[in-house]
Amino acid sequence: MCFHHSEYTFATAAADNLKVWKCPEGTFLRNISGHNGIVNAVAVNEDDVLASCGDNGSLYMWDWKSGYNFQQLVSKPQPGSISSEAGIFAAKFDRSSMRLITAECDKSIKMWKEDENATPETHPIDPNFRVAFDSQRF
């Protein structure tokens, strides 16, 4: 679970998707679907980037407002570890919001930084993407 830095909202992780809620009532706002594994950890930074980390070592980056998945990464287990030790258990952005720190099943701590060479040409946004507000699904 993570709280947004300026909105009065928070996100939770589940086996099938991420859920965004409004405080203080805990009103369900929307699902963010697409993570292909059990999600163990979520974190959001001041640029409205939501990171979700899975049991299979997957690390997805989402736009907080739209739910658009703009990057998918896979964490590699340390040498000598088995593939079932690829899971990411915890994630937190540092104070600069530029680096993501993850705690992983193989007993490693990893730091992820943003791609300084990324441009709209190298990381295009799908023009057919639409925000799906599925308020009936809990």
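Everything that follows concerns the structure shown earlier in this document.
Residues numbered from 1 in each chain as written. Predicted model: local features only at pLDDT ≥ 70, side-chain atom pairs only at ≥ 80, totals over all residues. Heavy atoms only, no water.

Draft legend 1. Representation of the environment of Val49 in the model. Of note, Val49 is situated in strand E6 (residues 49-54). Look at Val49 and you get buried, because its relative accessible area is 17%. Sequence spacing of Val49 and Met61 is twelve residues, and the spatial spacing of their C-alpha atoms is 6.5 Å. Discounting chain neighbours no more than four positions away, the residues touching Val49 are Ala43, Val44, Met61, Trp62, Phe70 and Phe93. (Helix = DSSP H or I, 4+ residues; strand = E, 2+ residues; numbered from the N terminus. Buried < 20%, exposed > 50% of the residue type's maximum accessible area, 1.4 Å probe, protein only. Contact = heavy atoms within 4.5 Å.)

Draft legend 2. Spatial organisation of the sheet that holds strand E8 (residues 69-74). Judged by pairing direction, the sheet is antiparallel, and its four strands sit side by side in the order E5-E6-E7-E8 without closing on themselves. Since the sheet does not close on itself, it has two edges, and those belong to strand E5 (39-44) and E8, each with one partner. Averaged over all adjacent pairs, the angle separating strand axes in this sheet is 20°, with direction ignored. In this structure, E5 lies alongside E6, joined through five bridges in antiparallel fashion. Directly across from Val44, in E6, lies its bridge partner Leu50. (Pairing = 2+ DSSP bridges. Axes fitted to C-alpha atoms, helices over the stretch in contact; angles between N-to-C directions.)

Draft legend 3. Molecular detail of unusual backbone geometry. Backbone torsion omega between Cys23 and Pro24 reads -5°, so that peptide bond is classified as cis. Positionally, Pro24 belongs in the loop between strand E3 (17-22) and strand E4 (27-33). Unlike most non-glycine residues, Ser97 shows phi in positive territory, near 65°. As for its position among the elements, Ser97 is in the loop between strand E9 (88-93) and strand E10 (99-104). Here the phi dihedral of Lys107 falls at roughly 70°; this positive angle occurs in a residue that is not glycine. Looking at the secondary structure, you find Lys107 in the loop between E10 and strand E11 (109-113).

Draft legend 4. Summary view of the pairing of E9. Note that E9 and E10 share five bridges and pair antiparallel. If you follow Phe93 over to E10, its bridge partner there is Leu100. Counting the residues between successive antiparallel strands, the hairpin from E9 to E10 contains five residues, one of them, Ser97, with a positive phi of roughly 65°.

Draft legend 5. Just the sheet that holds E4, in detail. Pairing within the open sheet is antiparallel, and its four strands lie in the order E1-E2-E3-E4. Here the strands that pair on one side only, and so sit at the sheet edges, are strand E1 (2-3) and E4. Alignment of E3 against E4, held across six bridges, turns out to be antiparallel. Pairing of Lys22 across the sheet is with Thr27, part of E4.

Draft legend 6. Broad picture of the pattern of salt bridges. Tallied over the entire structure, the rule returns three salt bridges. Between Glu7 and Lys65 there is a salt bridge; the shortest N-O distance is 2.5 Å. Taken together, the residues span a long stretch of sequence, with Glu7 in the loop between E1 and strand E2 (9-13) and Lys65 in the loop between strand E7 (58-63) and E8 at a distance of 58 residues. A residue is classified by how much of its surface remains accessible, and Glu7, at 26% relative accessible area, is partly exposed. On the basis of relative accessible area, Lys65 is assigned to the partly exposed category, the value being 46%. Close ionic contact of Asp94 with Arg99 constitutes a salt bridge, the shortest N to O distance being 2.8 Å. Take Arg99: its relative accessible area is 37%, and that puts it in the partly exposed class. (Salt bridge = Lys/Arg side-chain N within 4 Å of Asp/Glu carboxyl O.)

Function-wise, these values are silent; they only describe arrangement.
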